[in-house]
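# Architecture and fold: a report
Here are the chains, one letter per residue:
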Amino acid sequence: MKKLKPAWIGYRDRVNPNHDPWPYLEKYAKMGFKAMDGDLSMFPGDLKENLKRYRDLGLESLCTGIGSTHGEFHKDPANLKAVVEKANLYGVKKVNLRWTQVIRSFRTKIYGDVGTYDEMMQDIDDLNKTVKLLADEGLIPMYHNHYQEFTTVFKGISVMDYYLVLIDPRLCFKLDVGWVYSAGLDPVTYMEKVKDRIALLHCKDMLDPISPRYMQDEERVKNFGFTALGTGKLDLPGIFRKALEIGQDWIISEQDRMNNLSWEESMQLGIFNMRETGLVE
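Report follows, based on the coordinates.

### So, the overall build of the protein chain
Check the secondary structure of the protein chain and you find 12 helices and 13 strands. Here the protein chain has a C-alpha radius of gyration of 18 Å; the compact-globule value for 281 residues is 19 Å, and the two agree. Buried positions account for 53% of the 281 residues belonging to the protein chain. The contacts in the protein chain between residues at least 6 apart in sequence include a share of 77% that link residues at least 24 apart. For the protein chain, the computed accessible surface area is about 12800 Å², with 50% contributed by carbon and sulfur atoms.

### A closer look at the packing of aromatic side chains
What the rule picks out here adds up to 15 aromatic pairs. Seen from their ring centres, Phe106 and Trp179 are 5.6 Å apart, and the 40 degrees between their planes marks the pair as tilted. Of this pair, Phe106 sits in helix H5 (residues 105–108) while Trp179 sits in helix H9 (residues 177–182); the two residues are 73 residues apart in sequence, bridging distant segments of the chain. Where Phe150 meets Tyr190, the ring centres are 5.1 Å apart and the plane angle is 90 degrees; that geometry is what we call edge-to-face. Of the two residues, Phe150 is situated in helix H7 (residues 148–151) and Tyr190 in helix H10 (residues 187–193); the sequence distance between them amounts to 40 residues. Pair check on accessibility: Phe150 and Tyr190 agree, each one buried. Put simply, the rings of Trp8, Tyr24, Tyr28, Phe33 and Trp263 touch in pairs and so form one group of aromatic residues. The ring of Tyr117 carries Lys155 above its face, with NZ or CZ at 4.2 Å from the centroid. Over the ring of Phe224 we find Arg257, and its NZ or CZ is 4.0 Å from the ring centre.

### Looking at the pairing of strand E1 (residues 5–8)
Strand direction decides the pairing type here: E1 and strand E13 (residues 250–253), joined by 4 bridges, are parallel. By the bridge assignment for E13, Pro6 is matched with Ile251. Pairing between E1 and strand E2 (residues 35–36): 2 bridges, direction parallel. Looking at the pairing, Trp8 lines up with Met36 of E2.

### Considering the pattern of salt bridges
Tallied over the entire structure, the rule returns 20 salt bridges. Two residues, Glu264 and Lys27, come together in a salt bridge whose shortest N-O distance is 3.4 Å. Here Lys27 lies in helix H1 (residues 22–31) and Glu264 lies in helix H12 (residues 263–276), a separation of 237 residues in the sequence. Glu264 gets classed as partly exposed once you look at its relative accessible area, which sits at 30%. In this structure, Glu119 engages Arg104 in a salt bridge whose closest nitrogen and oxygen atoms are separated by 3.1 Å. One end of the pair, Glu119, is in helix H6 (residues 117–136); the other, Arg104, is in the loop between strand E5 (94–96) and H5, and 15 residues separate them in sequence.

### Description of the sheet that holds E1
Strand order in the open sheet formed by 9 strands is E3-E2-E1-E13-E10-E9-E6-E5-E4, with parallel pairing between adjacent strands. At either end of the open sheet lies a strand with only one pairing partner, and these are strand E3 (60–61) and strand E4 (64–65).

### Topic: the side chain of Ser253
Note that Ser253 resides in strand E13. Given the relative accessible area of 1%, Ser253 is considered buried. The residues contacting Ser253, other than those within four sequence positions of it, are Ala7, Trp8, Ile9, Tyr11, Phe33, Cys203, Leu229 and Met274.

### With respect to helix H4 (residues 77–90)
In this model H4 runs 21 Å from its N-terminal to its C-terminal C-alpha over 14 residues, within 8% of the 20 Å that 1.5 Å per residue would give. Where H4 is buried, its residues contact helix H2 (47–56), E3, E4, helix H3 (70–73), E5 and H6. Where H4 begins, one side-chain oxygen reaches toward the backbone nitrogen of Ala78, 2.9 Å away; that side chain belongs to Asp76. Two residues or fewer after H4 comes Gly91, characterised by a positive phi angle close to 70 degrees.

### Let's talk about the environment of Tyr162
Relative to the assigned elements, Tyr162 resides in helix H8 (residues 159–166). When its relative accessible area of 8% is taken as the criterion, Tyr162 is described as buried. Sequence separation between Tyr162 and Met121 is 41 residues; the distance between their C-alpha atoms is 8.9 Å. Residues in contact with Tyr162, not counting those within four places in the same chain, are Tyr117, Met120, Ile124, Phe154, Lys155, Ile157 and Ile167.

### Remarks on the pairing of E13
Residues Trp250 and Ile252 point to one face of E13 and Ile251 and Ser253 to the other, with burial holding for every one of them. Pairing between strand E10 (residues 198–203) and E13: 2 bridges, direction parallel. Paired with His202 across the two strands is Ile252, which belongs to E13.

Conventions used here
- Residues numbered from 1 in each chain as written.
- Predicted model: local features only at pLDDT ≥ 70, side-chain atom pairs only at ≥ 80, totals over all residues.
- Heavy atoms only, no water.
- Helix = DSSP H or I, 4+ residues; strand = E, 2+ residues; numbered from the N terminus.
- Rg over C-alpha atoms; globule rule 2.2 N^0.38 Å.
- Buried < 20%, exposed > 50% of the residue type's maximum accessible area, 1.4 Å probe, protein only.
- Contact = heavy atoms within 4.5 Å.
- Areas by Shrake-Rupley, 256 points an atom, 1.4 Å probe, with all protein chains shown as cover.
- Phe/Tyr/Trp six-rings, centres within 6.5 Å; stacked < 30°, edge-to-face > 60°.
- Lys NZ or Arg CZ within 6 Å of the ring centre and 35° of its normal.
- Pairing = 2+ DSSP bridges.
- Salt bridge = Lys/Arg side-chain N within 4 Å of Asp/Glu carboxyl O.
- Expected span 1.5 Å × (residues − 1).
- Polar contact = N/O pair within 3.5 Å; in protein donor to acceptor, adjacent residues only side chain to side chain.

Listed below in structure tokens is the structure:
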């Protein structure tokens, strides 16, 4: 029986100039993770040497990113050239796009700051231009959802539905099932709805759907509701079965904030719980 391959994003792979990333990567590989959602651009040193060392650990990169906001990307041909070169270096086709105004509360730290209808329409126009540039090069542009795309409504229509209808259908989604849950939707049902547009799956677990929305608000909430995979409210077996049914190869473990465990303990527990379902390698 085919199983999903485990990957990760976050935890401690974001390189701190004062830390050597390689001991962390060795830990991930020993735990059984097979890939990282992202590339090695932030790592100090020679890119090609880093990539060889990384692959020698048995690890893959699942995608690269545009390196600039989608609103600026299409204005300079050098941006496209740089992304194509990175994609070729890492041997990937998937390209992650950057943030839109609807999720700017995570930058402004003001809960509910989701932009305006006109700003959303400008984002859609910019995304269409970026998607065309990338897709015409044979790349797969991806948009990562949060909860706001579902809970923000203009003229009776959610932002996510605007994206589905008004953006070039070559835009795929890096669907985050944890944020789908936080938005009040059933992740498995939503995965079925957009099954032909899912490029990668982020999987985080939550103790409740609302607390994670305040993840930047230090004063309001002490427990931000994130927890190790398999210890929260998400139906991981159902999500994994649906992922396999719709042809996904990877499941990407993520936890935006640690709860009671350290990053390493949470990561290890998460992969154990994923494997315990019998659906993940």
